[in-house]
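Chain by chain, the residues run as shown.
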Amino acid sequence: ETGYLDSTSAMDLETLPRSLIVFGASAVGLELAQMFSRLGVRVTILEALPRIVPAEDPAIGNALAEYMASEGMGIHSGVTIERVERNGGYTVRFSQDGHAATVTAAENALTGNTLPFDLTAVPKVTFTDPQVASVGLTEEEIRFQGMEPISSELPLEHIPRALAARDTRGFVKLVADKNTRKILGAHILASDAGEMIAELALAVQFGLTIENLTSVFHPYLTLSEGIKLAAQTFDKDVAKLSCCAG
């Protein structure tokens, strides 16, 4: 697929542009794209990699793309920008063939790679609606390290708080090592995902297991209850549990 997009250059508060083209679909790009879209601007997002929020679990990017598209945003991934022209506004010419070029960053370039820098347990939050929050490793990264992952994925429709708030978009995904059952990663798409991730950052940092999470009381009618329910999902069908089983 090939195409082009036009955008006016006016960016003042009184005269919003007819359209806005956002290059890159990581945290800041998506946050700004959604904000302008909800202000009435026609927004198109162009991402070189195969999906939006490419650093997150693939399921997160696929689901978030559906939610944002449902709000009227145009989302194109696997895009190659051919040129940008200024002609009163801006015209962006691009091709989309499903193949993305590599993004390569320098690591410890100034220190000779001598300083340890462990980001394993650092949580990330993208303030879209719904929010994206994650910590630790994805299944692919766990396999790359020579371990065998197991995972659970709990749709928000199984969390009483989400039902009460009438917003069941998203899910909680936990990833653990099959042998030790230690939590190695967590990936959340939810309205308040950023408020849920701290507990899971502690789980990753201190090597907590699935059983550690399921044995802790989580208050009923809170989104954090979803963390326990997601941990129970490794071994049980939570749809068959009573509302007070947790």
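Residues numbered from 1 in each chain as written. Predicted model: local features only at pLDDT ≥ 70, side-chain atom pairs only at ≥ 80, totals over all residues. Heavy atoms only, no water.

Draft legend 1. Here's a closer look at unusual backbone geometry. Cis geometry is found at the peptide bond from Asp129 to Pro130, where omega equals 5°. Topologically, Pro130 is positioned in the loop between strand S7 (124-126) and strand S8 (131-136). In this structure, Val53 is a non-glycine residue whose phi angle is positive, near 35°. (Helix = DSSP H or I, 4+ residues; strand = E, 2+ residues; numbered from the N terminus.)

Draft legend 2. A look at the nonpolar core. Ile159, Val172, Leu174, Ile183, Ile188, Leu200 and Leu213 are the most contacted members of the largest nonpolar core, which has 29 residues in total. For this core, the secondary-structure elements that each account for two or more residues are S8, strand S10 (171-177), strand S11 (183-190), helix H5 (193-205), helix H6 (210-214) and helix H7 (225-232). If one sorts the elements of this core by residue count, H5 sits on top with seven residues. Residues contacting Ile159, with those up to four places away along its chain left out, are Leu154, Val172, Thr222, Leu223, Gly226 and Leu229. Ranked by size, the runner-up nonpolar core spans 20 residues in total, among them Leu30, Phe36, Val53 and Ala63. (Core = buried A, V, L, I, M, F, W, Y, C linked by side-chain atoms within 4.5 Å. Buried < 20%, exposed > 50% of the residue type's maximum accessible area, 1.4 Å probe, protein only. Contact = heavy atoms within 4.5 Å.)

Draft legend 3. Looking closely at the sheet that holds S10. Ordered by their spatial adjacency, five strands build an open sheet running S7-S8-S11-S10-S9, and the pairing between neighbours is antiparallel. Where the open sheet ends on each side, the last strands, each with one partner, are S7 and strand S9 (149-155). Across this sheet, the average inter-strand angle for adjacent strands is 10°, counted without regard to direction. Sheet strands in contact with H7 are S9 and S10, and its direction is about 50° off that of S10. (Pairing = 2+ DSSP bridges. Axes fitted to C-alpha atoms, helices over the stretch in contact; angles between N-to-C directions.)

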